[in-house]
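So the chains spell out like this:
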Amino acid sequence: MTATATHCPYCALQCGMTLERVDDRIAITPRDFPTNRGGLCQKGWTSADLLSSPERLTTPLMRQTRAAPLLPVTWDEALDRVAADVRRLQAESGPDSIAVFGGGGLTNEKSYALGKFARVALRTSKIDYNGRFCMSSAAAAGNKAFGVDRGLPFPVTDIGTAHAILLVGSNVAETMPPFVQHLADAQRSGGALIVADPRRTPTAQSAAVHLQLTPGTDLALALGLLHLAMTDGYVDKEYIADRTTGFDDVWRRAVTWWPERVERVTGVPVEQMREAVRLLGSAERAMILTARGAEQQSKGTDTVSGFINLALALGLPGRPGSGYGCLTGQGNGQGGREHGQKADQLPGYRKIDDPAAREHVAGVWGIDASELPGAGVSAYELLDSLGTVDGPRALLVFGSNVVVSAPNARRVDERLAALDLLVVADLVLSETAARADVVLPVAQWAEEDGTMTNLEGRVLRRNKAFEPPPGVRTDLEVLSGLADRFGCGEKFPADPAAVFAELRRASAGGIADYAGVTWERAASTGGVFWPCPDESHPGTPRLFRESFPTPDGRARFVEVEHRPVAEDIDQDYPLYLTTGRVLAHYQSGAQTRRVRALVDASPEPFVEAHPELALRYGLHEGDAVRVTSRRGTAEGVLRVTETIRTDTLFMPFHWSGAGRANSVTSDALDPTSKMPEFKICAVRLEAVPAEAVQHDVAVS
Amino acid sequence: MTRVVVVGNGMAGSRVVEELRARDLQRALDICVLGAETFPAYNRILLSSVLAGKVTVGDIALTPEAWYEQNDVQLELGVTVARIDRTARVVIASDGRTFGYDELVLATGSRPRVPTVPGFTDPGGDLAAGVSVFRTVGDCERIIAGSASAAHAIVVGGGLLGLEAARGLAGRGVAVTVLHKAGHLMEKQIDDLAGGVLVRTLARLGVDVRLRGVPIRYDTAGAERFIVLADGQHLPADIVVIAAGVEPDVCLARDSGLDVNRAIVVDDRMRTSDPHVWAIGECAEHRGTVYGLVAPAWEHAAVVANALTGAGGASYAGSAIVTRLKASNVDLATMGDAHLEDDETAEVVRFVDPVRGTYKKLVIRDGRLTGAILLGENATVGAVTQLFDRGGPVPSDRITLLFPGRGAATTVENPAHIPDRATVCRCNNVSKRAITKCWLAGARTVAAVAGVTRATTGCGGCRDLVAGIVDWMAAADPDEQPDVPALVTLAVS
Ligand SMILES: Cc1cc2nc3c(=O)[nH]c(=O)nc-3n(C[C@H](O)[C@H](O)[C@H](O)COP(=O)(O)OP(=O)(O)OC[C@H]3O[C@@H](n4cnc5c(N)ncnc54)[C@H](O)[C@@H]3O)c2cc1C
């Protein structure tokens, strides 16, 4: 058996690895790929376990009525049922009665095909995806400032050459471990790491300066740092004059955020802010990187704009070894947001309300532009509307476990229950699949070919190493089979190479232009950075060197003002809850909770609290505790740690059932990106009464 | 349409106009703001930074004139209101123009108090050459112009403003002496011990402080200008900056018969004794308190904007006061009843390190923080301020409020001291015990340990630690001949 070079199935770092069958096991060897340079975290090392997991679905499942159990059926029975129900519902309630929900883990081909399937086969405008819960704020802010949204506008290896790095709301040491090598490179050559996070995470512990801010005050911090950059003389006036517009309006806001005022709002001492600005401002190469901590807020877009403004004021974007970047989370979080899974987008990062974009894409799809639906609604709005009077009556889910990953999850439970039809394509019986009327078993990453676009905008190839188990189909085969039943099967090839070829044409001339990335080039060492408009084009590892892709070629400062969190603490709910990930698990945990070694490493949901808080509440390490907000409760085991603020609790969101953190989180949305405020809500903490302690079984 | 006239375009006046427009999206209000200063609204508190040479006057503008046009607000700069006719509901400017109102907001701030000292003013009553107050852009420009050729400056008043002025001038290379009437600096905000530490800190920065220093004359002899103190000393003084307190600007209110005490008396909606006249900022007195800071002034502005637009939240209950000195290399924060010494009802926690310029004091009542002084090393200031603002319970371990915790970031130098169950490689969840077991089973190099346990194969950050453990194991077992390592295969599950 030959070895197959491919990439890890999980996060956006897309670590290079080689898969090989040795006897009856699958051996994983890390590869020397630029992002991971031979490193893998425990998730990567154990990623093959799921290929042979007994929990894999190998046959479609269906229930006749909501009360009936899910029973095995043939593919034809399953797909016929879906097609028949869809036709009936659309006849009764129109095309928009069917909604589609995608995922940032799907390959480019699947994301593309799913967007096309919704618009061409189903003619529905109702499509969005879980990337809305991930990168949407940074995407919106990036577009506003730079006219483009590519997570990192430079190769990740540039980070190792920076002399100062500000990480805002990112715990890469746990969420993207091999990435830390690049930070370590920078630190080894004297670079300073600054981390802004309410928790003293392992990442923050390795920083020279840790700005331990109050949850939800990142924007005030950004304004304060900009203020200090100005008063302490680090603003690059020449760069501002030559390469940007709008500084005056931004400064007019920042001038009201003097550091002492910011200190009172954020809790970050003035001197620490000043030191952070000094490090960034005096470095020859400096970077500002944001992640979910800053972005998953009801003002996430403005918060990112605040940090981009700071980067622009310091003259960073477009300078070698410098700039602003967003650390994308999901495996194909970048590519997944470029090719039409988003409610308002068409392939190539085109806008669905742009007539020229519609013409172009309709041409590629062989339909009339007038047949294309308009913009739909964002992920949470979509979930929130399911089964309501004017809302969709059916939902088709691909690559997402919304029951665990969406905010205000009890509301989502309720809405899913109100549907006439829920269809879920998944590898395992995820919490969402378990509620479905029809479950479609699909192939895994190592069982199909595809392309992914990693956090750097690098288009790379995922290669098939093994055949999927009998009875399992790829998502593309599923879409093709469904499209057949809607009379347009010929428009939906199941061969990923064919889909990618079409994607290239559809993206040609768009912002995320893949026209020159061939199937073969994507497989070459290092992949290809978009934009890559033709086959002779080398790709674009570094953006903004000469100009920005805005109409006037200049980056735009965006005027933003701080505002309070949607739900602040009060007498009844006196603590902040913030949520996030742990090293051993990935997102909703549907995959990682089924890998023994990862469950051993991180078996159960927990709640982090400061010793002072534990003392005040009379709680101890290991106690079963309950966190309650206005929306719901979540339970976990108490972990007492000095690394968290005394006014804040932390819970990972990987679990379901009683330990589901998202039962508690807020559905307040960012007005621009529609990102929910996952990172802050007001809660109270109490012990779970002894008789009520439930032992959440992590492995079902 | 309701016509709102705002008198004063300072910090409070400019704010209330913006707050009104932000709430009044339908433009149901006809808004006019009259400001005596000719300069468009600017951030007054940054005058300290202007004086320190960090920013220019052009940098501190708050609301540009274009904003008023875009937002349909009438802006009249350089217009001083001379009189209010409350019966006719008009204000009359000193140039005779009249402005009718339905609702009037007074935001006239305060004016600097100038002690009656011979030589400070000229016979016309204006400030004499070389003498300035420190309140406006004009004042600031005057000080900066004077400092250019000055070798010695005297600052009269060792309060917040005086110390910021002194620090700024010292930064410009001028030798500065602060004359302070009381026995210690900033006596309104800090206790005498803190005052003492502060004097030493300032001395290191080139600011000399004379406590109980009372000027009785500003005089000239030849080219020399000097201040004469009550004790007869002469101090060279090319320029003098007066920062001897402020008086709320209440003339208009008093003349028009509104209730005035120390400042214009307002109720919980910031309304004066006339239901159509409101007062905010430093010219207002609420429940007996006159505030001299921006944060309360902006709260007032929000309350009045809510009241005038019918939005909720139109009630004011007073502000918690946190005072921060903004002078480079002097980190000072004070809040609440920081003067208090131990008594039966309060607990005082204190740390003093005068040599390093550190003084920390917490006043705690019924488990709540009611006052604090933090001077010098100040890593906990954010946490202390938030605790004070929120009125939350004080940690049982008071020390955590004085010194930052070390969190969990402890680096262990000696592998022997690492607990067995401690995680060495986070990326692959490998404990020290797993590594030592692996060594005992024959893996004698980092690579061999990595092959079995995967330690070091994530971010690589633990490589030194693993090497340390491997060496330590070898050292602890010097006689042991390493076996030919058993073929170490990757543990693939
Ligand atoms: C150098 C300096 C540093 C400071 N630092 C801080 C700090 O760090 N933190 C803090 O909280 N506070 C600070 N302050 C205090 C703060 O600036 C004041 O509390 C704040 O400006 C009060 O706002 P106000 O609108 O009430 O008064 P002002 O800002 O003084 O505005 C009043 C305005 O009304 C105008 N006016 C008065 N009478 C009339 C009239 N009859 N007709 C028309 N216009 C009139 C005046 O010309 C003035 O422009 C500082 C002040 C100074 C001078």
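The model shown is predicted, which means the values in this text are computed figures rather than measured ones.

**Some words on the overall build of chain B**
Line of reasoning, step 1. Scanning chain B from N- to C-terminus turns up 13 helices and 28 strands.
Line of reasoning, step 2. Computed over the C-alpha atoms, the radius of gyration of chain B is 31 Å, more than 25% above the 23 Å expected from 2.2 N^0.38 for a compact globule of 493 residues.
Line of reasoning, step 3. Viewed in the frame of its principal axes, chain B has a C-alpha envelope of about 105 × 65 × 50 Å.
Line of reasoning, step 4. Buried positions account for 51% of the 493 residues belonging to chain B.
Line of reasoning, step 5. If you sum the accessible surface of chain B, you get close to 21,200 Å²; carbon and sulfur atoms cover 51% of it.

**Some remarks on the overall build of chain A**
Line of reasoning, step 1. From N to C terminus, chain A includes 24 helices and 28 strands.
Line of reasoning, step 2. Against the compact-globule benchmark of 27 Å for 700 residues, chain A has a radius of gyration of 24 Å, which places it among compact chains.
Line of reasoning, step 3. When its C-alpha atoms are laid out on the principal axes, chain A stretches across 70 × 70 × 55 Å.
Line of reasoning, step 4. Within chain A, the fraction of its 700 residues that count as buried is 69%.
Line of reasoning, step 5. A separation threshold of at least 6 residues defines the contact pool for chain A, and within that pool the share at least 24 residues apart is 74%.
Line of reasoning, step 6. Surface summary for chain A: the accessible area is close to 20,900 Å², and the carbon and sulfur share equals 49%.

**Re helix α8 (residues 294–309) of chain B**
Residues and elements named next belong to chain B.
Line of reasoning, step 1. In a regular helix each residue adds 1.5 Å, so 16 residues correspond to 22 Å; α8 covers 22 Å between its end C-alpha atoms and thus fits that length.
Line of reasoning, step 2. With respect to burial, α8 is a largely interior element, 13 of its 16 residues being buried.
Line of reasoning, step 3. Residue Gly310 follows α8 closely and has a positive phi angle near 75°.

**Points about the packing of helix α8 (residues 218–231) of chain A against helix α12 (residues 270–282) of chain A**
Residue and element names in this part refer to chain A.
Line of reasoning, step 1. Two elements in contact, α8 and α12, have axes whose closest approach is 9 Å; the angle formed by their N-to-C orientations is 65°. α12 is crossed by α8, and the crossing has right-handed handedness. Along the contact surface, α8 presents Leu221, Leu225, Leu228 and Ala229, while α12 presents Met273, Arg274 and Val277.
Line of reasoning, step 2. Classifying every residue of the contact of α8 with α12 gives six nonpolar, no polar and one charged.

**Side note on the interface of chain B and chain A**
Line of reasoning, step 1. In this complex, chain B contributes 53 residues to the contact, which on the side of chain A involves 54 residues.
Line of reasoning, step 2. The interface formed by chain B and chain A holds five salt bridges in total.
Line of reasoning, step 3. For Arg324 of chain B, the salt bridge identified is with Glu263 of chain A, shortest N-O distance 2.6 Å.
Line of reasoning, step 4. In this structure, the connection of chain B to chain A is made through 19 residue pairs in polar contact (both at pLDDT 80 or more).
Line of reasoning, step 5. Contributing elements (two or more residues each) for the side of chain B that touches chain A: α1 (11–23), α8, β22 (322–327) and α9 (381–390) of chain B.
Line of reasoning, step 6. Among the elements that line the side of chain B that touches chain A, the one with the most residues is α9 of chain B, at seven residues.

**A short note on the side chain of Lys126 of chain A**
Residues and elements named next belong to chain A.
Line of reasoning, step 1. The residue Lys126 is located in the loop between α3 (108–121) and β7 (127–129) in this model.
Line of reasoning, step 2. For Lys126, which is buried and forms no salt bridge, the nearest opposite charge comes from Asp96, at a distance of 4.4 Å.
Line of reasoning, step 3. Apart from residues no more than four positions distant in its own chain, Lys126 is found in contact with Asp96, Ile98, Ala99, Val100, Val377, Leu382, Asp390 and Pro392.

**A short note on the nonpolar core**
Line of reasoning, step 1. Core analysis: the largest hydrophobic core is formed by 234 residues, its most contacted members being Phe117, Phe146 and Leu310 of chain A together with Leu106 and Leu198 of chain B.
Line of reasoning, step 2. Setting aside residues up to four positions removed in sequence, Leu198 of chain B forms contacts with Leu163, Leu185, Met186, Ile190, Val330, Leu332 and Leu375 of chain B.
Line of reasoning, step 3. Counting 62 residues, the second-largest nonpolar core is a separate cluster that includes Leu13, Leu193 and Leu455 of chain A together with Trp439 of chain B.

**Structural notes on the environment of Ile60 of chain B**
Line of reasoning, step 1. By the secondary structure assignment, Ile60 of chain B is in the loop between α2 (47–51) and α3 (65–70).
Line of reasoning, step 2. Ignoring sequence-local partners within four residues, the contact set of Ile60 of chain B consists of Val255 of chain A together with Tyr42, Asn43, Leu46, Leu47, Val50 and Val55 of chain B.

**A closer look at the packing of helix α16 (residues 355–365) of chain A against helix α21 (residues 496–507) of chain A**
Packed helix pairs are characterised by how far apart their axes lie and by the angle those axes make with each other.
Residue and element names in this part refer to chain A.
Line of reasoning, step 1. Close contact between α16 and α21 brings their axes to 9 Å; oriented N to C, the two are set at 155°. If you check the angle between α16 and α21, you find them roughly antiparallel. Handedness of the α16/α21 crossing: right-handed. Residue-level contacts link His360, Val361, Val364 and Trp365 of α16 to Glu502, Arg505 and Ala506 of α21.
Line of reasoning, step 2. Partitioning the contact of α16 with α21 into residue classes produces four nonpolar, one polar and two charged.

**Quick notes on the pairing of strand β27 (residues 648–652) of chain A**
Residue and element names in this part refer to chain A.
Line of reasoning, step 1. Here β27 lies mainly inside the structure; five of its five residues are buried.
Line of reasoning, step 2. What you see with β27 is no split at all: Thr648, Phe650 and Pro652 on one side and Leu649 and Met651 on the other are buried throughout.
Line of reasoning, step 3. Sheet topology places strand β23 (residues 575–580) next to β27; five bridges connect them, and they run parallel. Paired with Thr578 across the bridge in β27 is Phe650.

**Things to note about the domain arrangement of chain B**
Line of reasoning, step 1. Considered domain by domain, chain B is made up of domain 1 (2–110 + 247–309), domain 2 (131–244), domain 3 (337–413) and domain 4 (420–493).
Line of reasoning, step 2. The C-alpha centroid of domain 4 of chain B is placed 66 Å from the C-alpha centroid of domain 2 of chain B.

**Here's the deal with the site of the ligand**
All names here are of chain B.
Line of reasoning, step 1. Neighbouring residues of the ligand: 31 residues in total, closest Glu37, Arg44, Arg135, Glu282 and Lys326.
Line of reasoning, step 2. Separating an oxygen atom of the ligand from a backbone N or O atom of Met11 is a distance of 3.1 Å.
Line of reasoning, step 3. At 2.6 Å, a side-chain N or O of Lys326 approaches an oxygen atom of the ligand.
Line of reasoning, step 4. Taken by itself the ligand offers 990 Å² of open surface, and the protein chains cover 91% of this.
Line of reasoning, step 5. Those elements giving two or more residues to the shell around the ligand turn out to be α1, β2 (29–35), α2 and α5 (160–171).
Line of reasoning, step 6. Across the shell around the ligand, the residue classes tally to 15 nonpolar, nine polar and seven charged.
Line of reasoning, step 7. Taken domain by domain, the shell around the ligand gets at least three of its residues from each of domain 1 (2–110 + 247–309) and domain 2 (131–244).

**Quick notes on the domain arrangement of chain A**
Size of an interface: often given as the accessible area lost when the parts come together.
Residue and element names in this part refer to chain A.
Line of reasoning, step 1. Domains assigned within chain A are domain 1 (73–133 + 332–494), domain 2 (137–326) and domain 3 (575–692).
Line of reasoning, step 2. Relative to domain 2, the C-alpha centre of domain 1 lies at a distance of 35 Å.
Line of reasoning, step 3. Tallying the contact residues gives eight residues for domain 1 and eleven residues for domain 2.
Line of reasoning, step 4. In total, about 790 Å² of surface goes out of reach between domain 1 and domain 2, with carbon and sulfur atoms giving 45% of it.
Line of reasoning, step 5. Summed over the three residues of domain 1 that lose the most area to domain 2, namely Tyr349, Leu455 and Glu456, the buried surface amounts to 59% of that side.
Line of reasoning, step 6. On the surface where domain 1 and domain 2 come into contact, there are one salt bridge.
Line of reasoning, step 7. For the salt bridge of Asp149 with Arg337, the shortest nitrogen-to-oxygen distance reads 2.6 Å.

Criteria and cut-off values
- Residues numbered from 1 in each chain as written.
- Chains lettered and ligands numbered in written order.
- Predicted model: local features only at pLDDT ≥ 70, side-chain atom pairs only at ≥ 80, totals over all residues.
- Heavy atoms only, no water.
- Helix = DSSP H or I, 4+ residues; strand = E, 2+ residues; numbered from the N terminus.
- Rg over C-alpha atoms; globule rule 2.2 N^0.38 Å.
- Buried < 20%, exposed > 50% of the residue type's maximum accessible area, 1.4 Å probe, protein only.
- Areas by Shrake-Rupley, 256 points an atom, 1.4 Å probe, with all protein chains shown as cover.
- Contact = heavy atoms within 4.5 Å.
- Expected span 1.5 Å × (residues − 1).
- Axes fitted to C-alpha atoms, helices over the stretch in contact; angles between N-to-C directions.
- Left-handed = near helix turned anticlockwise from the far one by under 90°.
- Nonpolar A, V, L, I, M, F, W, Y, C, P; charged D, E, K, R; others polar.
- Salt bridge = Lys/Arg side-chain N within 4 Å of Asp/Glu carboxyl O.
- Polar contact = N/O pair within 3.5 Å; in protein donor to acceptor, adjacent residues only side chain to side chain.
- Lys, Arg positive; Asp, Glu negative; His and termini not counted.
- Core = buried A, V, L, I, M, F, W, Y, C linked by side-chain atoms within 4.5 Å.
- Parallel < 35°, antiparallel > 145°, perpendicular 65-115°, else oblique.
- Pairing = 2+ DSSP bridges.
- Domains from an automatic or database assignment.
- Near = heavy atom within 4 Å.
- Buried area = accessible area lost by both parts, 1.4 Å probe.

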